[in-house]
Structure formats: C-alpha cells, structure tokens
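As a plain string of letters, each chain reads:
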Amino acid sequence: MMRISRRHFIGGTTAALFTPALIGRAFAATGGAPLPIPDVLDLRGGGGAPTLDAIAARSRILEGRDTVTVGYGQGFLGPVIRVNRHETARLNLGNKIKEPVSVHWHGMHIEGAQDGGPHSPIAPNEVFESALDIDQPAATLWYHSHIHQRTATHVWFGLAGMLIVDDPTAPANGLPHDYGKDDLPLVVQDRIFDRGGQMLYAPQGPTRMMGYRGSEILVNGAIRPQASVPPSMVRLRVLNGSNARIFHFGFEDGRTFHQVASDGGLLPTPVPMKSLTLAPAERAEIVVDFSDGANARLLSAPDNNTMMGGMMGMMRGASPEPVADGGLFEVMTFAVDQTRSGSVITLPKMLAGAPVPSFGEPVRKRQFSLDMMPSGMGMGGGMRGMMGGGHAMAINGASMDMAVINQELRLGEVEIWQVSANEMAHPFHVHGTSFQVLSLNGQAVDQTRMGMKDVVLVDGTAELLVQVDRKADADHPFMFHCHILEHEDLGMMGQFTVS
Ligand code: C2O
Ligand code: CU
Ligand code: CU
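Scoring rules and cut-offs
Residues numbered from 1 in each chain as written. Chains lettered and ligands numbered in written order. Predicted model: local features only at pLDDT ≥ 70, side-chain atom pairs only at ≥ 80, totals over all residues. Heavy atoms only, no water. Phe/Tyr/Trp six-rings, centres within 6.5 Å; stacked < 30°, edge-to-face > 60°. Helix = DSSP H or I, 4+ residues; strand = E, 2+ residues; numbered from the N terminus. Buried < 20%, exposed > 50% of the residue type's maximum accessible area, 1.4 Å probe, protein only. Donors = N, O, S within 2.8 Å, 3.2 Å for Na, K, Ca; no water. Core = buried A, V, L, I, M, F, W, Y, C linked by side-chain atoms within 4.5 Å. Contact = heavy atoms within 4.5 Å. Salt bridge = Lys/Arg side-chain N within 4 Å of Asp/Glu carboxyl O.

Some details on the packing of aromatic side chains
Reasoning step 1: Counted according to the given criterion, the structure contains 19 aromatic pairs.
Reasoning step 2: Measuring from ring centre to ring centre gives 5.3 Å for Trp156 and Tyr201, while their planes differ by 45 degrees; the resulting arrangement is tilted. Remark: Tyr201 occurs in the loop between strand 10 (183-191) and helix 4 (206-209) and Trp156 occurs in helix 3 (residues 151-157); sequence separation between them is 45 residues.
Reasoning step 3: According to the relative accessible area criterion, Trp156 is buried, its value standing at 0%.
Reasoning step 4: Under the relative-accessibility criterion, Tyr201 is labelled buried at 3%.

Overview of the coordination of the copper ion (ligand 3)
Reasoning step 1: Protein coordination of the copper ion (ligand 3) is provided by His426 (ND1), Cys482 (SG) and His487 (ND1), with donor distances spanning 2.0 to 2.1 Å.
Reasoning step 2: Each donor residue of the copper ion (ligand 3) belongs to the same chain, with the gaps between them written as H-x55-C-x4-H. Placement of the pair is His426 in strand 27 (residues 426-430) and His487 in helix 8 (residues 485-489), with a sequence separation of 61 residues. Of the two residues, His426 and His487, both sit in the buried class.

Overview of the coordination of the copper ion (ligand 2)
Reasoning step 1: The protein atoms that coordinate the copper ion (ligand 2) are His104 (NE2) and His429 (NE2), at distances spanning 1.9 Å. On the criterion of sequence distance, the pair formed by His104 in strand 6 (residues 104-106) and His429 in strand 27 is long-range, its members being 325 residues apart. We note that His104, like His429, is buried.

What to know about the nonpolar core
Reasoning step 1: Residues Ile81, Trp105 and Leu163 are the most contacted members of the largest nonpolar core, which totals 56 residues.
Reasoning step 2: Mapped onto this core, the elements with two or more residues apiece are strand 2 (51-62), strand 3 (65-72), strand 4 (80-84), strand 5 (87-95), strand 7 (127-134), strand 8 (139-144), helix 3 and strand 9 (160-166).
Reasoning step 3: Those residues in contact with Leu163, other than ones at most four positions away along the chain, are Ile81, Val83, Trp105, Met108, Ala139, Thr140, Leu141, Trp142 and Tyr143.
Reasoning step 4: Counting residues in each nonpolar core, the second largest holds 36 residues, with Met210, Met372, Ile395 and Leu464 among its members.

Points about the pattern of salt bridges
Reasoning step 1: For the structure shown, the criterion picks out 27 salt bridges.
Reasoning step 2: Here Arg364 ties to Glu415 by a salt bridge, and the two come within 2.7 Å at their closest N and O atoms. Linking Arg364 in strand 23 (residues 364-371) with Glu415 in strand 26 (residues 414-421), this pair joins segments that are 51 residues apart in sequence.
Reasoning step 3: Overall, the relative accessible area of 1% leaves Glu415 in the buried class.
Reasoning step 4: Shared partners join several salt bridges into a network, and the residues in it are Asp263, Glu282, Arg283, Lys453 and Asp454.

Below you can see the structure in the form of structure tokens.
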C-alpha cells in the first residue's frame, strides 16, 4: 500500500499531460478477467459502527502493472454497503489521504446534516461518526466523495461505491437476491490509462466543457470482465459511475431483458426492453434470463452527448473512445456455468405491488436553467473562456457558491421543478429525496416505466414533481446539480434548505 503522491492528484490534472501525442499513446488494455464481486459492508441489524477509511493504494487493474488509485477501505472504489429500512446505520468515516474527502449518500432520504455533501468534509486523519436514519423503499443507491471542485477527481480515481437499501418489512418479491451469485452489483465506469499504467485525468478544452470520458470500460474496477452466472434469472444492479459518459446498453444477441427497478426502487411491474440508457449516477436493476445456457456479451452504443454538431469532431479528436465493433463497444461478458443453479426461473409479474406514491397537488413551481455559458459572456466569449479553462457553469445564471442558498423549500410541500438544458443533455440530480418525472421534452412520461428518480437526463425541458420531507438547514443544505462531474465542479450546482 502506498500513499498517493501530490503528483498524481495535482500534476495529473495539469494541461501539460493532456497532449495529443500522449492521448495517441493511450494504453489499450486486454479485458476478460473475472468480474470482481465487492465485499459487503453489512450495517444491517445494528451492532457496532465499522470504520471506513478513504485510502490511497496501488491497485492491479492492468496486467503486470500497478495503478495509483484511491478507495474507501480498499484500493479502488469501496465495498457494497447494505442497510435496512427502519434502522439507523452507523459507521466511522475516516480519511487517510492528503486532502479533504466526503461520503455523500446519493439517493438516500436523510437530513442535510447526514447527507455527506460539500459542507461535510472529512479532513486528513479526521474521523466522522456517521449515523443514517434509513427510511425509504428498497433500492440500489451509491456513495461518493462530494468536495466542491474536487468531486470529479475524487470519483475518477476511485472514491465511490454501491449501497443497497433492503426493506425487511416488504413482502418477498420473487426476484433473484443471492448476492454475488444471481444478484450482481455492476459499477460501470470509463477511464483512460497512460502508457505507464496510470489513470489519466486531465480535462481541458472540449473534454472539460463536455465532460471527461475514457477509452477503457471498467466494471467493479476490472476492464471488460467476465461474470460467471447460473442458467437462470440473474439480477444486475447497474450503476453508471462514470464522470460524464452516457451508456446505451444492450446485448450482442439482441435478447430482451427486464428492468425491475430504477433509482428510487422497484417498478410496479417488470418492463421488457432491448436497450437501456443510463446517464451518469443513474441506476437500473435489470433481470436477464440465462436459462438457455447461451453466453452473452453486454455492449454499449457510443455517447453522442456533445454540444453542437460542429463540436463533435473536436470531441472525438480530444478524447479517445472505446474500441468499437460495428459501432458498439464491449462492456463485459457473461459465461453460463451449467454446474450451478439459480433460484429464480420465472420472473414475477408484480414487483412493488403499487405504482409511484401520490404526492398531492403542487403548491408552487420553480425554474432551473442549466447554463453552460452564463449570461454576459455570450456564445463566443463563453466558449473562449471555457476553453481557456477559467469560466464557470451555472444554474439560473448563478455559479455554485458555498455561501449562497439558492432555494428555500418547505418541508413536505409538493412543487413542480421545470428544468431546462440548452446546449447539451444534462443528468440533473436532487439530494435528499426521490422525485417523479412528469414530462420530458413536452412528452408525458409513463410512470410505470420510469419509477421514482433522483437523476434524470434532461435534454430540452423536464418537469419534475418534487417533495422533500427531510430537513436541511443553511449549515448543511442539500444540493441540486448536473451529475456530469466536470459540470458540477465548474459550478452547475446550487443549494437548497428544507424547513
Ligand atoms: Cu451523486 Cu450531489 O451527488
Ligand atoms: Cu446525491
Ligand atoms: Cu451538465
């Protein structure tokens, strides 16, 4: 184990590293290692408060070479944390790296003081005693560092993990739930490695403007791994843990699979589909039928979320894309092991048994305009400023300011949030709650397919029904922001209180 050096955090973000020559020599890794199954940090049933330290390490991601990474309690990423509804989950969050980090509980319905956002930094060698009052439906969430202007760097180098909320009081729903066997966590991320085997993080110009994407696909920290699965129904809890890449998943053989949960938990019924789009920070639980014994390859279509037609070329030139095969690139593979047996052969017809909750009549409406080029700068000026690396992004013209509360909400009141994105699509995220999506681009949304969300990809205009029933004061406000982490760090974020 080694301490991360300043060179990797600070030097790694300098423009000097990001030259076309270096990108041209980006390292293409071979994949196919077994899918790592993260350890479980089980906080269910009370008991003590285990320690989870942010640490720096050398991790073996590539063959025959070490990569400097950070993680929570492990070299890269963190354990899968499991918590129970109606319990208080406790853990001691430590920090063994050389700069402040935090642990934000993304998707959790908890008070602002528990949320782990930018106002809850953990200084080096400090310990924060965290207590989380869990009360929300079973769901696949995640956690990650959330220090303002450092979130993108922290997540890129590994400060993120999955969290599963279980609800012991909910009736058994007939879904696969044998962790690591027929219920697999999949943290999907893109990264760039240089020839020295180090992860390269150097957003600049167009890759800073449109978000930083990588040419290698990692699942649970392994490059395009292979999962061994039983010949049965297999549940995949998929998290897009990328900084900026939008995935459009599908299987090479075109098989149908079923989505059973979105960000906030189970859908009313399984939704059949052949392709699934996941923007950064979104989760989906899908069930794939491997009972025919056929191996499968999970692919993704390229991410075309860029600013303008004319910018595409720049984007492509600046950022290496995963090696594609007929326009699609590989994410991972599944090998069916006939000697194993899974427990679920048929998919249940009903899941949560209830549609999305009724929120009641909205009492007000708020507007959120996601601005890549805030007013006053103008198109050309904004672009030049951004390329020069200096300028801010904003929401409603205001760039994130830790000292400014942008919105004040009343506890439990229902509101409509109208969110608009102009230059490109942005995954909009709200802390402390799950919301309903009423419409996207003027089209009504089918709630039975969408479910409860905490991130929604806004391309044009979205109308959200928002109700927050957890408090947040001005010392520990909640955030709303774009989850393209480069945009977030550039200031496309705001703060709100709930009282
Ligand atoms: Cu994933 Cu503000 O968070
Ligand atoms: Cu969050
Ligand atoms: Cu954005």
